[in-house]
Every structure is written in structure tokens, then in C-alpha cells.
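The chain contents come next:
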Amino acid sequence: MTLEDFKKNFNNQITNELALFFEINDELGYENYSQGFGLYEDDKSGISSWSEDEAFLDKLMPFAQANGSGSMYVLWNNDSNKSLNELPVVVFGDEGGYHIVAKNIFDFMQLLTFDTEISVDHEEAYFYKDEDYEESENLQEYISWLKENFNLEAIEETESIIENAQEKYKADFDNWVSQFYSED
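Here's a quick rundown of the structure. (Residues numbered from 1 in each chain as written. Predicted model: local features only at pLDDT ≥ 70, side-chain atom pairs only at ≥ 80, totals over all residues. Heavy atoms only, no water.)

## Remarks on the sheet that holds strand 4 (residues 89-92)
Point 1. Ordered by their spatial adjacency, 5 strands build an open sheet running 1-2-3-4-5, and the pairing between neighbours is antiparallel. Each edge of the open sheet is held by one strand with a lone partner, namely strand 1 (38-39) and strand 5 (98-102).
Point 2. Set on the sheet, helix 6 (residues 159-177) makes contact with strand 2 (60-65), strand 3 (72-76), strand 4 and strand 5; between it and strand 5 the angle comes to about 140°. (Pairing = 2+ DSSP bridges. Helix = DSSP H or I, 4+ residues; strand = E, 2+ residues; numbered from the N terminus. Contact = heavy atoms within 4.5 Å. Axes fitted to C-alpha atoms, helices over the stretch in contact; angles between N-to-C directions.)

Here is the structure:
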């Protein structure tokens, strides 16, 4: 995938920060710095399984694999007139469930330092490390890159980032998505 391919996820526009994110993903490798994660080029075929309504598809920008089973990370254009960097990040689960996980791309990049796949179900999305956890091969390089480029630290827990994002955006997102899809 080229940067031009990746830009298609965002209607052929990209911020310098997302371009840097693409470059480090390309350099370190898909799933090599955060378990189950990798940026990709998306044609909206996955997200369209939730709804084919153009009003739905126009506001969601899938950009990454979230885990090994097919969940995806998506930027939600919530009509706030913010840059791509400031849009909330949503995870759509491969078996159902959708949840706000980060207020913006910077909080999201910090979540990746936890270095485990996200678990997504209908009620929640969460990260969990068990006793068999093994650090990804290029995690330390990613952590150094994040500090050097954005002055962001690795995190020890994910709950506060997810909770803060949900406090800010969950009600609005749930209300918006309910126009197109219902899990009931």
C-alpha cells in the first residue's frame, strides 16, 4: 500500500500526522508493533455490511484492522469541522458491537502502545493482557517514534482513554448510528 492508497480512506485528504503514522506503520510492519493492528486501504466494503446508506458511509472512514478476527477502526466525521486528527475513533466489531475508543488520533496512537488486540462485543470494547502476553517485535521502536514525533508516552492502562472518549462522544454517536443500524 502506498500513501496515495491510504489517503483514499480519507477522501484523498490527509494530515501530516496521519502521513507520519502511515510511514511508521510501513516501516515497522503490519501487526509488528501492536498486536492485531495494521493500517490498510479500505473500499468501505466491510463497513457497508452495517449499512449501505450513503449518509452512513460518507461519515465513516475505515483505516485499520483492529484485531485478527476482522474488527476495524474507523474515523467518524461528526460534522464538528475538525481536522482528521481531531475526529473520534470508533471500533466496529466483526461479530457486532461498535464503540467510541478514542477522542482523536493521538489518543488512539497511545492506545496502540498497550500492545494487545482489542476485544469487541455488543456491550463494550476493551483491551486485556493475560499472563502469556509477549511484547510485539517493534513495540519499543513505535513507542520511541510516538515520543519523538508527538511527545506522547506509552500507557499502562487503556480504560481512561476509552472512558473519556465515550463520555464525550458515545451518546452522539449512538444517536447518529441508530438512524442506520440497530443491534436489537
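## Overview of the pattern of salt bridges
Point 1. Under the defined criterion, the tally for this structure stands at 5 salt bridges.
Point 2. With its nearest N and O atoms 3.6 Å apart, the salt bridge here joins Glu4 to Lys7. Placement of both Glu4 and Lys7 in helix 1 (residues 3-7) is noted, with a separation of 3 residues, approximately one turn of the helix.
Point 3. For Lys59, the salt bridge goes to Asp79, with nearest N and O atoms at 2.5 Å. One end of the pair, Lys59, is in the loop between helix 3 (54-57) and strand 2; the other, Asp79, is in the loop between strand 3 and strand 4, and 20 residues separate them in sequence. (Salt bridge = Lys/Arg side-chain N within 4 Å of Asp/Glu carboxyl O.)

## Re a negative patch on the surface
Point 1. Residues Glu23, Asp26, Glu27, Glu135, Glu137 and Glu141 make up a contiguous surface patch of negative charge.
Point 2. Of all the elements, helix 2 (residues 16-28) adds the most residues to the negative patch, at 3 residues.
Point 3. Its place among the elements puts Asp26 in helix 2.
Point 4. Residue classification places Asp26 among the exposed positions, given a relative accessible area of 53%. (Patch = residues over 30% accessible without salt bridge, like charges linked within 9 Å, V, L, I, M, F, W, Y side chains within 5 Å. Areas by Shrake-Rupley, 256 points an atom, 1.4 Å probe, with all protein chains shown as cover. Lys, Arg positive; Asp, Glu negative; His and termini not counted. Charge placed at Lys NZ, Arg CZ, Asp CG, Glu CD. Buried < 20%, exposed > 50% of the residue type's maximum accessible area, 1.4 Å probe, protein only.)

## So, the side chain of Thr113
Point 1. Secondary-structure assignment places Thr113 in the loop between helix 4 (105-111) and strand 6 (118-120).
Point 2. The contacts of Thr113, once residues within four sequence positions are left out, are Leu139, Tyr142, Ile143, Leu146, Ala154 and Ile155.

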